[in-house]
Amino acid sequence: MEPRAADAELRALLARLDALALHLQRLQDENRHLRQQQAQLLAERAQLLGKQEQARSRVEAMISRLKSLEQHT
């Protein structure tokens, strides 16, 4: 192989390597962002489930009070 052809091939490989490294960095950044978003969504879900449980408890307490009032009338 001629030195010029080898140099051209080496430059092409280096350019491809740079492009792959850039792509890898983008994917890592995206993955980090998605993991943060997932953590936020899981925290929000836990909070909403807590609120749902509080509401369910309140409704059950109201139903019990209403049934108690019905029995006393």
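That block above? That's the structure.
Parameters at a glance
- Residues numbered from 1 in each chain as written.
- Predicted model: local features only at pLDDT ≥ 70, side-chain atom pairs only at ≥ 80, totals over all residues.
- Heavy atoms only, no water.
- Helix = DSSP H or I, 4+ residues; strand = E, 2+ residues; numbered from the N terminus.
- Rg over C-alpha atoms; globule rule 2.2 N^0.38 Å.
- Buried < 20%, exposed > 50% of the residue type's maximum accessible area, 1.4 Å probe, protein only.
- Areas by Shrake-Rupley, 256 points an atom, 1.4 Å probe, with all protein chains shown as cover.
- Lys, Arg positive; Asp, Glu negative; His and termini not counted.
- Charge placed at Lys NZ, Arg CZ, Asp CG, Glu CD.
- Polar contact = N/O pair within 3.5 Å; in protein donor to acceptor, adjacent residues only side chain to side chain.

**Q** Can you walk me through the overall build of the protein in this structure?
**A** Of regular secondary structure, the protein possesses one helix and zero strands. Taking 11 Å as the expected radius of gyration for a compact globule of 73 residues, we find that the protein reaches 31 Å, considerably beyond that expectation. Principal-axis analysis of the C-alpha atoms places the extent of the protein at approximately 105 × 15 × 5 Å. Counting every position in the protein, which comprises 73 residues, the buried fraction comes to 0%. Accessible surface, the protein: about 7,100 Å² in total, of which carbon and sulfur atoms supply 58%. Side chains of the protein give 12 positive and 10 negative charges; the mean places of these two sets differ by 8 Å.

**Q** Looking at this model, I keep getting lost on the environment of His72. Mind explaining?
**A** By secondary structure assignment, the location of His72 is in helix H1 (residues 3-72). Judged by relative accessible area, which is 67%, His72 ranks as exposed. Spatially, the C-alpha atom of His72 lies 77 Å from that of Leu20, the residues being 52 residues apart in sequence. There is a polar contact of 2.5 Å between the side chain of His72 and the backbone oxygen of Ser68.

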